[in-house]
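# Coordinates in review
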Amino acid sequence: MPRYHGGGASEIEALADDLDLSHAVFMWLLPDESDYASTLDEVMKYNPGMRAVYLISTLDGEVLNGGFNQYFYNKGTVLAEETILSLRHIGEDKRADILQQALSAHSAVHQRHEQAKNAGSAKDQLQAFSETCQDNPLRTFDGPYYKAGPDIWQSLAQYIRSHPEEFTSQAP
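Residues numbered from 1 in each chain as written. Predicted model: local features only at pLDDT ≥ 70, side-chain atom pairs only at ≥ 80, totals over all residues. Heavy atoms only, no water.

## Examining the side chain of Q70
- Tracing the backbone through its elements, the reader meets Q70 in helix α4 (residues 48-75).
- Of note is the side chain of Q70, whose polar atom sits 2.8 Å from the side chain of E62.
- Those residues in contact with Q70 that lie beyond four places of it in its chain are E62, N65 and F129. (Helix = DSSP H or I, 4+ residues; strand = E, 2+ residues; numbered from the N terminus. Polar contact = N/O pair within 3.5 Å; in protein donor to acceptor, adjacent residues only side chain to side chain. Contact = heavy atoms within 4.5 Å.)

## What about the pattern of salt bridges?
- Evaluated as defined, the whole model comprises six salt bridges.
- When the shortest N-O distance is used, the salt bridge between E82 and R51 registers 3.0 Å. Remark: R51 occurs in helix α4 and E82 occurs in helix α5 (residues 80-89); sequence separation between them is 31 residues.
- With a shortest N-O distance of 3.6 Å, D93 and R88 are connected by a salt bridge.
- Residue classification places D93 among the partly exposed residues on the basis of a relative accessible area of 40%.
- Residue classification places R88 among the partly exposed positions, given a relative accessible area of 36%.
- The network of salt bridges with common partners includes R88, D93 and D97. (Salt bridge = Lys/Arg side-chain N within 4 Å of Asp/Glu carboxyl O. Buried < 20%, exposed > 50% of the residue type's maximum accessible area, 1.4 Å probe, protein only.)

## Points about the side chain of N69
- Along the chain, the position of N69 falls in helix α4.
- For N69, a relative accessible area of 4% translates into the label buried.
- A polar side-chain atom of N69 sits 2.6 Å from a polar atom in the side chain of H113.
- Residues within four places of N69 in sequence aside, it is in contact with H113, F129, T132, C133, N136 and L138.

## Side note on the nonpolar core
- Core analysis: the largest hydrophobic core is formed by 45 residues, its most contacted members being F68, F72 and F167.
- Broken down by element, this core gets its largest block of residues, 11 residues, from α4.
- If sequence neighbours within four positions are ignored, F68 has contacts with L59, V63, I98, L99, A102, L138, F141, D142 and Y145. (Core = buried A, V, L, I, M, F, W, Y, C linked by side-chain atoms within 4.5 Å.)

## Comments concerning the packing of helix α6 (residues 93-105) against helix α7 (residues 107-117)
- In contact at an axis separation of 5 Å, α6 and α7 are set at 60° when each is read in the N-to-C sense. When α6 is examined against α7, the residues L103, S104 and A105 are found in contact with a partner set consisting of S107, A108 and V109.
- Partitioning the contact of α6 with α7 into residue classes produces four nonpolar, two polar and no charged. (Axes fitted to C-alpha atoms, helices over the stretch in contact; angles between N-to-C directions. Nonpolar A, V, L, I, M, F, W, Y, C, P; charged D, E, K, R; others polar.)

## Points about helix α8 (residues 122-132)
- For α8, the full list of buried residues reads A128, F129 and T132. Buried residues of α8, viewed axially, fall in a sector of 105°; they line one side. Residues of α8 that are exposed and angled more than 90 degrees away from the buried face: K123 and L126.
- Taken together, the buried residues of α8 touch α4 and α7. (Arc of directions from axis to C-beta.)

## Things to note about the packing of aromatic side chains
- Counting across every chain of the model gives eight aromatic pairs.
- Ring geometry for F68 versus Y145: centroids 5.6 Å apart, planes at 85°, classification edge-to-face. Of this pair, F68 sits in helix α4 while Y145 sits in helix α9 (residues 142-146), and the two are 77 residues apart along the sequence. Y145 shares its class with F68; the two are buried. (Phe/Tyr/Trp six-rings, centres within 6.5 Å; stacked < 30°, edge-to-face > 60°.)

## Notes on α4
- The end-to-end C-alpha distance of α4, which contains 28 residues, comes to just 20 Å, noticeably less than the 40 Å that a straight helix rising 1.5 Å per residue would cover.
- Bending of α4 peaks at approximately 130° at the position of G66.
- Here α4 starts with a cap whose side-chain oxygen sits 3.0 Å from the backbone nitrogen of G49, and that cap is N47.
- Phi turns positive, to about 70°, at G76, one or two residues after α4. (Expected span 1.5 Å × (residues − 1). Bend = angle between axes of the 7 residues up to and from the residue.)

Printed below as a string of structure tokens:
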């Protein structure tokens, strides 16, 4: 997979494939911190474009892997509102609306998520998480998200190519 080093327009132009570009910028943005709370603090210091790439890439990875149930289980709701703003920032209004609806529905499964996280051993937690997938209202948003338009990586790449100044080592 190609790497990005914060070089701006010339480095962005060299990454012709949308998926390669979006993924390379996302990997460049990953904080060195392994602690999720520290990561969130770091991400909130990013400029709106960089924050959008990080948050949207995180959302998309979770939803494609296990739906909105997995997204909210793993990431909670802390950054959902900011992710909605980021989706709108890059012109992904349809996906922003879907995330907003899923966020509203999350309260129906929040308690089950918390119980699963406190289920004891890792094996017990995995089993409890699997059980949260049953009769889960968040599943109704997965299909519409998948079908919401072009691949999210294309939208991210289009934004990055249109705003290369936001993706340099010197960017705030």
